Amino acid sequence: MVTIKDIAKKAGVSASTASRALNNNSRISEKTRRHVKDVAKQLGYKPNFSAQNLTRGRANIVGVIFPIIKTDAPANPFHIDIIRGISEELQKHNFEMMVAITQERSDLLKQVKSMVDQIKVDYFVLLYSDPTDPITKYLRDHKLRFTIVGQPIENGDRFVDNDNVKVGRKATEYLLSSRNIQQPIFVMSDEQKSFEKSRFKGYAEVMTKRELLSEKLLVNDQVSITQYLKKNPQVDGLIFADDVLYIRHAQRLRPLNIPVICFNNSQWMQILFQDGQVIDLQPRKLGQAAVQILFSKHTDHIYVPYLFA
């Protein structure tokens, strides 16, 4: 088994320097850290996380907290891609990931408390933003380090996000200018999540500027968009707040041949969405950025740019 001493000898540094370099100690130069890590990789070194945890008194684990998900809800591809980005970035820091996911908020809080009390986790990434969230309050009250994927709740919160207001503006401008649409509406869930509200705000700004009526359609499994369009023939374009919403209604909408723009270029969208424009929110980069901020001493937020796919 490869040891720290083996790495130190091969890298030409002391054992203490090798150990600090592998643990990203800021006292060790970036050049030396890269060199030691390269040597460790060449030798096939596997860090002993249990020993590190005993030394630190804390776990080399980041807790990833999902929003409340209904029992029958399908996996959200946006979250899956974020998780991939988080996992990739954590490997660079010799950290692992533990997920908290339930159908009840009280159970979610219990899971998080168990991570903190029993496993000694003190770093977290929340895949949602909610001002009324007891989990966020618990993390803040216990001075635990966390990053929000979404809008910050209080001043000083670490967060990563897209500029969702700007994204909403760009989507609306695209339909109005490139597709010559006269009356697009904004389709969002009846939950009206924070990112949906921000994208709607951008849509409404553009519509107001052009002296057009802004309108949102709140949908769930019981709401028929096709029926709405039959009753409102003046609507000639749809802006869906995210890919999950579109996928639920795609089959019924396709025969209508109405221009659509949607957010998040997930694998589902690449298969199903062939007749409209998709805005790629780069969720994998959001996940990477969430971890970067978690371990950063100087940066508390990153805005990840969007791409027209």
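Just so it is clear, the structure is predicted and the values come from calculations on it, not from any experiment.

(A) Molecular detail of the overall build of the chain. Across its full length, the chain holds 13 helices and 12 strands. Along the first, second and third principal axes, the C-alpha atoms of the chain reach 75 × 40 × 35 Å. In the structure as shown, the chain presents an accessible area of about 16500 Å², 49% of it carried by carbon and sulfur atoms.

(B) Expanded view of the packing of helix 2 (residues 15–22) against helix 3 (residues 30–43). It is the contact of helix 2 with helix 3, at a shortest axis distance of 9 Å, that shows an interaxial angle of 95 degrees. Of the possible angle classes, the one that applies to helix 2 and helix 3 is roughly perpendicular. Contacts between helix 2 and helix 3 involve Thr17, Ala18, Ala21 and Leu22 on the former and, on the latter, Thr32, Arg33, Val36, Lys37 and Ala40. The class makeup of the residues in the contact of helix 2 with helix 3 is five nonpolar, two polar and two charged.

(C) Local environment of helix 5 (residues 77–92). For helix 5, with 16 residues, the first-to-last C-alpha span of 24 Å sits near the 22 Å given by 1.5 Å per residue. Capping the start of helix 5 is the job of one residue whose side-chain oxygen sits 2.9 Å from the backbone nitrogen of Phe78: Asn76. Downstream of helix 5 by a residue or two, Asn94 has a phi angle that is positive, lying close to 60 degrees.

(D) Structural detail: the pattern of salt bridges. This structure, assessed with the given rule, holds 11 salt bridges. Salt-bridge contacts for Glu30 lead to Arg34; the nearest nitrogen and oxygen are separated by 3.6 Å. Taken together, the residues span about one helical turn, with Glu30 and Arg34 both in helix 3 at a distance of four residues. A relative accessible area of 47% places Arg34 in the partly exposed class. Residue Asp130 pairs with Arg105 through a salt bridge whose shortest N-O separation is 2.7 Å. Note that Asp130 is positioned in the loop between strand 3 (123–126) and helix 7 (134–141) and Arg105 in helix 6 (residues 105–118), a separation of 25 residues in sequence. Under the relative-accessibility criterion, Asp130 is labelled buried at 17%.

(E) Looking closely at the sheet that holds strand 9 (residues 260–263). Here we have six strands laid out as an open sheet, ordered 7-6-8-9-10-12, and mixed in their pairing. The sheet is open, and its two borders are formed by strand 7 (216–219) and strand 12 (307–308), each paired with just one other strand. Of the strand pairs in this sheet, strand 10 (residues 277–280) and strand 12 are connected by two bridges, and their pairing is antiparallel. Bridge assignment links Ile279 to a residue of strand 12, and that residue is Phe308.

(F) Layout of the sheet that holds strand 3. Strand order in the open sheet formed by six strands is 2-1-3-4-5-11, and the pairing between neighbours is parallel. Single-partner strands in this sheet number two, and they are strand 2 (96–100) and strand 11 (301–303). For this sheet, the mean angle separating the axes of adjacent strands, direction not counted, is 20 degrees. Both strand 1 (residues 61–65) and strand 2 contribute to a ladder of five bridges, which runs parallel. Its bridge partner lying in strand 2, Val64 is registered against Val99. On the sheet, helix 5 packs against strand 1, strand 2, strand 3 and strand 4 (145–149) and is oriented at approximately 150 degrees with respect to strand 2.

Analysis parameters
Residues numbered from 1 in each chain as written. Predicted model: local features only at pLDDT ≥ 70, side-chain atom pairs only at ≥ 80, totals over all residues. Heavy atoms only, no water. Helix = DSSP H or I, 4+ residues; strand = E, 2+ residues; numbered from the N terminus. Areas by Shrake-Rupley, 256 points an atom, 1.4 Å probe, with all protein chains shown as cover. Axes fitted to C-alpha atoms, helices over the stretch in contact; angles between N-to-C directions. Parallel < 35°, antiparallel > 145°, perpendicular 65-115°, else oblique. Contact = heavy atoms within 4.5 Å. Nonpolar A, V, L, I, M, F, W, Y, C, P; charged D, E, K, R; others polar. Expected span 1.5 Å × (residues − 1). Polar contact = N/O pair within 3.5 Å; in protein donor to acceptor, adjacent residues only side chain to side chain. Salt bridge = Lys/Arg side-chain N within 4 Å of Asp/Glu carboxyl O. Buried < 20%, exposed > 50% of the residue type's maximum accessible area, 1.4 Å probe, protein only. Pairing = 2+ DSSP bridges.

Any link to function would need more than the numbers given here.
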